[in-house]
Amino acid sequence: MRKRLAAAAKVRRLTDLANSLHNELLTKVSEVAGDQTSQVSVGQLVRTVVDRLSGVLADVAAMHCEVRGGRLRVLASAGLEDPLAVERLLPWTPEAMTEAAAGRILRRPEGADAPEQGPEPSFVFCPLKGLEPAVEYVAVGTLGGEVPAESERQFLRSVAQALASAVARLQGLADLRTREARYRAVTETTQDGFWVSDEEGNILEANEVYARQSGYTREELLGMHLSALEEIGRAHV
């Protein structure tokens, strides 16, 4: 009875920590969305995961990586002193990665030589984007050699999914900022007046050329309804 109660209490603690970490990661990403000067990186998100898990699991590590042609390329990591050792020990075949992405722990294949020293990794992978032969993942696991218990494996899956969600949102924001920068570069260098409105006719964006043509500043134009400009145009006819 005591063992069952202790096991249930551990599951609750791990579940609470996974939920708390998920909220913490999304909060960091939300700060980026609300502040153009925020510099939160994928590496910082990975480090946050390891910092929070280090008091719960021994030898914890996390990484943002790409698997291409059966080879691992680590893009960001924490708790992982030798990424090459992980690459040598784990199988990176499409079949192995498919199983890993489905939630199975990725470990050294049975029968493969064990390392004389160094890590004995057990990782859970969560795919981000891409198709074969290149797929982008986040991974969370341990390096201590022992196979994580079922409750710990489920915990690692939850954490990997939370990290993947946060990384995907952060990458989406970065892509959006890049598109916005390109859009501004085009609209600000064109010699034509340019504006964008929503379905209701409220101006969402306008370049400086159109601002000069209308007699308003860009700040005044934003949120103005097109009908107001049409009335002004008719008044000057």
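Residues numbered from 1 in each chain as written. Predicted model: local features only at pLDDT ≥ 70, side-chain atom pairs only at ≥ 80, totals over all residues. Heavy atoms only, no water.

1. Looking at the layout of surface pockets
Right, on to step 1. The computed volume of the largest pocket comes to approximately 270 Å³.
Right, on to step 2. Lining the largest pocket are 15 residues; nearest its centre among them are L57, A58, T142, E146 and E152.
Right, on to step 3. For the lining of the largest pocket, a count of residues per class yields seven nonpolar, three polar and five charged.
Right, on to step 4. Looking at the second largest pocket, its volume works out to about 200 Å³.
Right, on to step 5. In terms of lining residues, the second largest pocket is bounded by eleven residues, among which R104, I105, L106, R107 and R108 are the most central. (1 Å grid on protein atoms, 1.4 Å probe; cavity = no way out; pocket = protein on both sides within 12 Å on 5 of 7 lines; lining within 4 Å. Points joined across faces, edges and corners; volume = space filled by probe spheres on them. Nonpolar A, V, L, I, M, F, W, Y, C, P; charged D, E, K, R; others polar.)

2. Concerning the pairing of strand β1 (residues 60-68)
Right, on to step 1. The buried fraction of β1 amounts to eight of the nine residues, a majority that puts the element mostly inside the structure.
Right, on to step 2. Where β1 folds back onto strand β2 (residues 71-78) in an antiparallel hairpin, the turn is made up of two residues, including G69, whose phi is positive at roughly 60°. (Buried < 20%, exposed > 50% of the residue type's maximum accessible area, 1.4 Å probe, protein only. Helix = DSSP H or I, 4+ residues; strand = E, 2+ residues; numbered from the N terminus. Pairing = 2+ DSSP bridges.)

3. Some thoughts on the confidence of the model for the protein chain
In regions of low pLDDT, the predicted coordinates are not meant to be interpreted in detail.
Right, on to step 1. On average, residues of the protein chain carry a pLDDT of 81, and 84% of them reach 70 or more.
Right, on to step 2. When mean pLDDT is taken per element in the protein chain, helix α2 (residues 42-53) scores highest with 93 and helix α8 (residues 226-235) scores lowest with 66. (pLDDT = per-residue confidence, 0-100.)

4. Here we look at the nonpolar core
Right, on to step 1. With 34 residues, the main nonpolar core has V49, L53, V140 and L163 as its most contacted residues.
Right, on to step 2. Only α1 (2-34), α2, β1, β3 (122-129), β4 (134-142) and α5 (150-189) provide two or more residues apiece to this core.
Right, on to step 3. When residues of this core are assigned to their parent elements, the largest contribution, ten residues, is made by α5.
Right, on to step 4. When near neighbours in sequence (up to four residues on either side) are disregarded, V140 contacts V49, L53, A61, A62, S122, F123, V124, L156, V159, A160 and L163. (Core = buried A, V, L, I, M, F, W, Y, C linked by side-chain atoms within 4.5 Å. Contact = heavy atoms within 4.5 Å.)

5. A look at the environment of V209
Right, on to step 1. Of note, V209 is situated in helix α6 (residues 208-214).
Right, on to step 2. On the accessibility criterion, V209 (12% relative accessible area) is buried.
Right, on to step 3. Each C-alpha atom of the pair V209 and W195 lies 9.7 Å from the other, and the pair is 14 residues apart in sequence.
Right, on to step 4. With sequence-adjacent residues up to four places away left out, V209 is seen in contact with T190, Q191, D192 and G193.

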